[in-house]
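Observations on the model geometry
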Amino acid sequence: MRWLRNMSLGRRMLMVLLVPSLVFAFVLGALFLYQSNRDLDQATLARGQAIVSFLGPAAEYVLVSGNPVALEALMARALEQAEVAAVAFYDAEGEVLGRAGEALSGLPAAVRATSGDEVVVDVGAGRLRFAAAVLSGAPEVVDYPSPSMAGRAERLGWVQVELDTSARDAAKRRVLLTVGGVALLAFAGAVVMALRLARSVGEPVASLVQAVRRMAAGDLQARVPAQSASEELRALESGFNAMAESIADNQRTLQARIDAATAQLVHQARHDPLTGLPNRRAFEESIEHAVAIHRRAGDVLTLLFLDLDHFKAVNDTCGHGAGDRLLCELARLLRARLRVEDQVFRLGGDEFAVILRGCSRADAHLIASALCEAVGGFAFDCAGQTFRVGASVGLARMEGEIHDVEAMMQAADQACYEAKREGRGRVIEYRRPQA
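Keep in mind it's a predicted model, so treat the numbers as computed, not measured.

Criteria and cut-off values
- Residues numbered from 1 in each chain as written.
- Predicted model: local features only at pLDDT ≥ 70, side-chain atom pairs only at ≥ 80, totals over all residues.
- Heavy atoms only, no water.
- Helix = DSSP H or I, 4+ residues; strand = E, 2+ residues; numbered from the N terminus.
- Buried < 20%, exposed > 50% of the residue type's maximum accessible area, 1.4 Å probe, protein only.
- Contact = heavy atoms within 4.5 Å.
- Areas by Shrake-Rupley, 256 points an atom, 1.4 Å probe, with all protein chains shown as cover.
- Salt bridge = Lys/Arg side-chain N within 4 Å of Asp/Glu carboxyl O.
- Pairing = 2+ DSSP bridges.
- Axes fitted to C-alpha atoms, helices over the stretch in contact; angles between N-to-C directions.
- Parallel < 35°, antiparallel > 145°, perpendicular 65-115°, else oblique.
- Nonpolar A, V, L, I, M, F, W, Y, C, P; charged D, E, K, R; others polar.
- Left-handed = near helix turned anticlockwise from the far one by under 90°.
- pLDDT = per-residue confidence, 0-100.
- Expected span 1.5 Å × (residues − 1).
- Patch = residues over 30% accessible without salt bridge, like charges linked within 9 Å, V, L, I, M, F, W, Y side chains within 5 Å.
- Phe/Tyr/Trp six-rings, centres within 6.5 Å; stacked < 30°, edge-to-face > 60°.
- Arc of directions from axis to C-beta.

1. Comments concerning the overall build of the chain
The number of helices and strands found in the chain is 11 helices and 12 strands. When the 435 residues of the chain are sorted by exposure, 36% land in the buried category. Sequence separation of at least 24 residues holds for 63% of the intrachain contacts in the chain that already meet a minimum separation of 6. Total accessible area computed for the chain in this model is approximately 25200 Å², and 57% of it derives from carbon and sulfur atoms.

Below, the structure written as structure tokens:
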């Protein structure tokens, strides 16, 4: 039954509806056809027996008298009956006395063997033959009844009638055609109803199945038209659409949360959580990118390393919370003193880095000095005390022997160290040591 399991719902419904209808129409038509043919056969038999039974008594006088005129008249009357094709009379020896209509075969042996008034029926090609003995009843003497004579009758001959069954056969064919036509119309109506029912149920269900498969494949816009004729199917379609819309909304909300979380993670991975400035990782990527642009386009690149002076005193006196607040305020200060195209980074602790692009040596010194002065002039109040921190700035430019990222970072770091060693609160540009 695998083939049945593999069939669609609509085809299954079509089979369930059509097979019983076909069987019912076939059985009902067969029963009606059988009953109709049986009634026609019985009516033909009854008619033939009635005609023979009538001709037997009517022929008694004719056979006794031997009057040919009366015999001809009797046969003419018999032929006038519907469906009578031939009639014949025989004497007691089986010799033909008279014959009318289409040719009849001789008297059957089974008829000769009968001695009573029963009717013998024989079936021929397209004919039904009925034969019976013609008897004469013995005269009953009322005054002197004789037991030996009572109930005795003399056989005078036989009468035989053939009925043409073509009309009956034509009637059977008409019945067959009628029954077949009615059954065909009934089956056609059942087919139309089954198709409509299968389509009204199968197509919406198939549409739902297709939509579910599309959703399983990731298409969250899969919907079905809620226009089925059945109220239950419309409710199912509307419910599916509502469920699909809810799933799509949840998916959109979840995706938005994922995107926001991803963006937050990306931001956190590249930014300092305290000051919000880009962190060391972002600095390394940015300096690599800036060096690549310098090599390709010849852009002048300057790197500043900035290290705060006297920052430890704030942490030791007011605690690390105060130190964190100071770092945040200084980060905003540095960002405000830079051009739009410049970048400032927190490398960790109290160390910052600044990338200047398209900046001459003089302009780079002016910007570095401005940063140094802004930090040195910033007053930080905490626990009733005012703290002033300074900044030592190391400056390195990508020129001469400085031609890669590592060399430039080492140069800026060394210049910053020189600025601290020479008294802090100043800007020192890296100079190649003299041989």
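Structure's up, so let's keep going.
2. Looking at the pattern of salt bridges
Side-chain pairing between opposite charges can occur once the charged atoms of the two side chains come close. Across all of its chains, the model carries 21 salt bridges by this definition. Close ionic contact of Arg223 with Glu245 constitutes a salt bridge, the shortest N to O distance being 2.7 Å. One end of the pair, Arg223, is in the loop between α5 (166-216) and α6 (231-270); the other, Glu245, is in helix α6, and 22 residues separate them in sequence. Since its relative accessible area comes to 33%, Glu245 is described here as partly exposed. Residue Arg361 is joined to Glu399 by a salt bridge in which the shortest nitrogen-to-oxygen separation is 2.0 Å.

3. Points about the sheet that holds strand β7 (residues 343-348)
As summarised here, the arrangement of the 5 strands in space is β7-β8-β6-β11-β12, forming an open sheet in which the pairing is mixed. Of all strands in the sheet, those with a lone pairing partner are β7 and β12 (427-429), marking the two edges. Adjacent strand axes in the sheet meet at a mean angle of 20° when their direction is disregarded. Relative to strand β8 (residues 351-357), β7 runs antiparallel, the two sharing 5 bridges. For Gly348, the partnering residue across the bridge sits in β8 and is Glu351. Relative to β8, helix α7 (residues 280-297) is tilted by about 25°, and along the sheet it contacts β6 (301-309), β7 and β8.

4. Here we look at the environment of Arg214
Tracing the chain through its elements places Arg214 in helix α5. The class of Arg214 is partly exposed, set by a relative accessible area of 33%. Ignoring sequence-local partners within four residues, the contact set of Arg214 consists of Asp219, Gln221 and Ala222.

5. Thoughts on unusual backbone geometry
Non-glycine residue His310 carries a positive phi angle of around 60°. Examined against the element boundaries, His310 turns out to sit in the loop between β6 and α8 (311-318). A positive phi angle, near 65°, is found at Arg424, a position not held by glycine. Its location among the elements puts Arg424 in the loop between α11 (405-421) and β12.

6. Section: the packing of α8 against helix α9 (residues 320-336)
For the pair α8 and α9, the least separation of the axes is 6 Å and the interaxial angle reads 140°. Considering the angle they form, α8 stands oblique to α9. Note on element contacts: α9 touches α8 through His320, Ala322, Gly323, Leu326 and Leu327, opposite Phe311, Val314, Asn315 and Cys318. Within the contact of α8 with α9, the residues separate by chemical class into 6 nonpolar, 3 polar and no charged.

7. Comments concerning the packing of α9 against helix α10 (residues 361-376)
At a closest axis distance of 10 Å, the pairing of α9 and α10 adopts a crossing angle of 150°. Judged by the sense of rotation from one axis to the other, the crossing of α9 with α10 is right-handed. Contacts from Leu330, Leu333 and Leu334 in α9 reach Leu371, Ala374 and Val375 in α10.

8. Notes on the confidence of the model for the chain
Low pLDDT means the predicted coordinates in that region are not meant to be read closely. Of the residues in the chain, 88% have a pLDDT of 70 or more, and the chain-wide mean is 83. Across residues 138-142 the pLDDT falls below 50, and counting only partners more than four positions away or on other chains, this stretch makes 2 contacts in the model.

9. Some words on the pairing of strand β2 (residues 96-101)
Relative to β2, strand β1 (residues 84-91) runs antiparallel, the two sharing 5 bridges. Looking at the pairing, Phe89 lines up with Gly98 of β2. If you look at the hairpin formed by β1 and β2, you'll find 4 residues sitting between the two strands, and Gly94 has a positive phi there, around 90°.

10. Let's talk about α9
Helix length check: α9 (17 residues) gives 24 Å between terminal C-alpha atoms against 24 Å at 1.5 Å per residue, within 8%. For α9, the set of buried residues is Ala322, Gly323, Leu326, Leu327, Cys328, Leu330, Ala331, Leu333 and Leu334.

11. Let's talk about a nonpolar patch on the surface
Judged by side-chain polarity, Met15, Val19, Val23, Phe26, Val27 and Leu31 come together as a nonpolar surface patch covering roughly 550 Å² of accessible area. Relative to the assigned elements, Val19 resides in helix α2 (residues 9-65).

12. Points about the packing of aromatic side chains
The final tally for this structure, using the stated rule, is 2 aromatic pairs. Consider the rings of Phe283 and Phe345, whose centres lie 5.3 Å apart with planes at 65°: the pair is edge-to-face. In this pair, Phe283 sits in helix α7 while Phe345 sits in strand β7, placing the two residues 62 residues apart along the sequence. Ring-pair connections join several aromatic residues into one group, and the members of that group are Phe283, Phe305 and Phe345.

13. Here's the deal with α8
The α-helix winds at 3.6 residues per turn, so residues separated by three or four positions along the chain end up facing the same way. Listing the buried residues of α8 in full gives Phe311, Val314 and Asn315. The buried residues of α8 occupy one face: seen down the axis, they fall within an arc of 95°. Along α8, exposed side chains directed more than 90 degrees from the buried face belong to Lys312 and Asp316. Of the surrounding elements, those touching the buried residues of α8 are β6, α9, β9 (379-382) and β10 (385-388).

14. Points about the pairing of β9
Here β9 shows a clear split, with Phe380 and Cys382 buried on one side and none of Ala379 and Asp381 buried on the other. Once β9 ends, the chain turns through 2 residues before running back antiparallel as β10, passing Ala383 with a positive phi of about 55°.

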